[in-house]
Amino acid sequence: MKRTSLFAVIATALLTLGACGGESKKVESISIKGSDTMLPLSQKAAEKFMADHAEATITVTGGGSGVGISALLEGTTDLAQSSRKMKFDEEQKMENAGKHAVEAIVALDALAVVIHPSNTVNKLTREQLEGIFTGTITNWSEVGGENLKIVPYARETSSGTYEFFKESVLKNKNYINGIMSMPATGAIMQSVSQTKGAIAYVGLPYLNASVQAVSVSYDEGKTFVAPTVENAKNQTYPIVRPLFYYYEQGNTEKVKPFIDYMFSETGQAFVAELGYITVK
């Protein structure tokens, strides 16, 4: 998704959500499944929502965006949390089943490129990142670092983060054959923190002192920008994506109270508190 159109898309999504209309109803139980990137946000919001609504029971599980969307298609979850947009074929499966998927963009996330803390490389161009993750650049000395083999890590293929990085950074080129893939962001962080030549990508809220985030250039090295909430909000950091909830239109009454909560002042406060970027 192009950054120039991102906020226009969010505005459209908010209007569409509002068009579902009506007063929020009480909710007894809903299930949320999918993106590991969104897991901390959904868990925090669910905890607070249940504290404020004694009748509500909300279960939240990860597994990746693709897993969440598949569960929505199968009717085994009420909300699919996704760090990528639903694909055309997934929408068609819903339509073929006589259902319609509704999209709500509840936050934005900057994707940070992370390396081992001891690595002397602190900035990379998009082209260099493409070379590293497609296998044409294999040693840190090729990008200004020491003579050390590069060990790239990626999320598993069901992850929306995996797909977004491929689209935005690799320009849809294939990852290097045999790349180390990890089932969750926590595993990525642990691997990078323990592997001197490692490089990977994680959602901004997961950043901590165990890894080092690099500045990124999308203008062939003229300007390098660090992955921060401020830089994501002012659109100077280039690797930013929307975070979605998807639900079946016929299930609107059930999930709308929680969706409304996510767009409320309290819900968006959780977004900011956890290191995501607000949409309101």
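Located above this text is the structure these notes cover.
Residues numbered from 1 in each chain as written. Predicted model: local features only at pLDDT ≥ 70, side-chain atom pairs only at ≥ 80, totals over all residues. Heavy atoms only, no water.

**So, the pattern of salt bridges**
If the charged atoms of two oppositely charged side chains come close together, the side chains can form a pair.
Moving on, step 1. For the structure on display, the rule yields 14 salt bridges.
Moving on, step 2. Among the ionic pairs, E163 bridges to R84, the shortest N-O distance being 3.7 Å. In this pair, E163 is assigned in helix α6 (residues 160-168) and R84 in the loop between β3 (79-82) and α4 (88-96), connecting sequence segments 79 residues apart.
Moving on, step 3. By relative accessible area, which is 8% here, R84 ends up buried.
Moving on, step 4. Among the charged side chains, a salt-bridge network with shared partners connects R84, K87, E90 and E163. (Salt bridge = Lys/Arg side-chain N within 4 Å of Asp/Glu carboxyl O. Helix = DSSP H or I, 4+ residues; strand = E, 2+ residues; numbered from the N terminus. Buried < 20%, exposed > 50% of the residue type's maximum accessible area, 1.4 Å probe, protein only.)

**Topic: unusual backbone geometry**
Moving on, step 1. A positive phi angle is found at K171, which is not glycine, with a value near 55°.
Moving on, step 2. One can find K171 in the loop between α6 and β7 (180-182).
Moving on, step 3. Its identity as a non-glycine residue notwithstanding, N172 has a phi of 70°, on the positive side.
Moving on, step 4. One can find N172 in the loop between α6 and β7.

**Some points on the nonpolar core**
Moving on, step 1. Formed by 83 residues in total, the largest nonpolar core has its most connected members in F133, I199 and F258.
Moving on, step 2. Element by element, the count of residues in this core is highest for strand β4 (residues 101-115), at 13 residues.
Moving on, step 3. In contact with F258, not counting residues within four places along its chain, are I30, I32, A45, A46, F49, I58, L79 and Y245. (Core = buried A, V, L, I, M, F, W, Y, C linked by side-chain atoms within 4.5 Å. Contact = heavy atoms within 4.5 Å.)

**Things to note about the packing of helix α2 (residues 39-52) against helix α10 (residues 265-273)**
Moving on, step 1. Two numbers describe how α2 lies on α10: the axes approach to 10 Å, and their chain directions differ by 145°. Note on packing geometry: the crossing formed by α2 with α10 is right-handed. For the pair formed by α2 and α10, the contact residues are L41, K44, A45 and K48 on the first element and F270, V271 and E273 on the second.
Moving on, step 2. Considering only residue class, the contact of α2 with α10 consists of four nonpolar, no polar and three charged. (Axes fitted to C-alpha atoms, helices over the stretch in contact; angles between N-to-C directions. Left-handed = near helix turned anticlockwise from the far one by under 90°. Nonpolar A, V, L, I, M, F, W, Y, C, P; charged D, E, K, R; others polar.)

**Describing the packing of helix α9 (residues 252-263) against α10**
Moving on, step 1. Contact geometry for α9 and α10: axes closest at 4 Å, N-to-C directions at 60°. Of the residues in α10, those in contact with Y261, M262 and F263 of α9 are E265, T266, G267, Q268 and F270.
Moving on, step 2. Residues of the contact of α9 with α10, tallied by class, amount to four nonpolar, three polar and one charged.

**Observations regarding empty space enclosed by the protein**
Moving on, step 1. As enumerated under the stated definition, the model contains one cavity of 30 Å³ or more in all.
Moving on, step 2. Each pocket or cavity is described by its volume, and for the largest cavity that value is around 30 Å³.
Moving on, step 3. Contributing to the lining of the largest cavity are T37, R155, T161, T185, I188, Y201, V202 and G203.
Moving on, step 4. Counting only elements with at least two residues in the lining of the largest cavity, the list comes to α7 (185-194) and β8 (198-203).
Moving on, step 5. A total of three residues in the lining of the largest cavity trace back to one element, the largest contributor, which is β8.
Moving on, step 6. Across the lining of the largest cavity, the residue classes tally to three nonpolar, four polar and one charged. (1 Å grid on protein atoms, 1.4 Å probe; cavity = no way out; pocket = protein on both sides within 12 Å on 5 of 7 lines; lining within 4 Å. Points joined across faces, edges and corners; volume = space filled by probe spheres on them.)

**Focus on the side chain of S159**
Moving on, step 1. Tracing the sequence through the fold places S159 in the loop between β6 (151-155) and α6.
Moving on, step 2. Residue classification places S159 among the buried residues on the basis of a relative accessible area of 1%.
Moving on, step 3. In this structure the side chain of S159 is engaged in a polar contact, spanning 3.0 Å, whose partner is the backbone nitrogen of T161. (Polar contact = N/O pair within 3.5 Å; in protein donor to acceptor, adjacent residues only side chain to side chain.)

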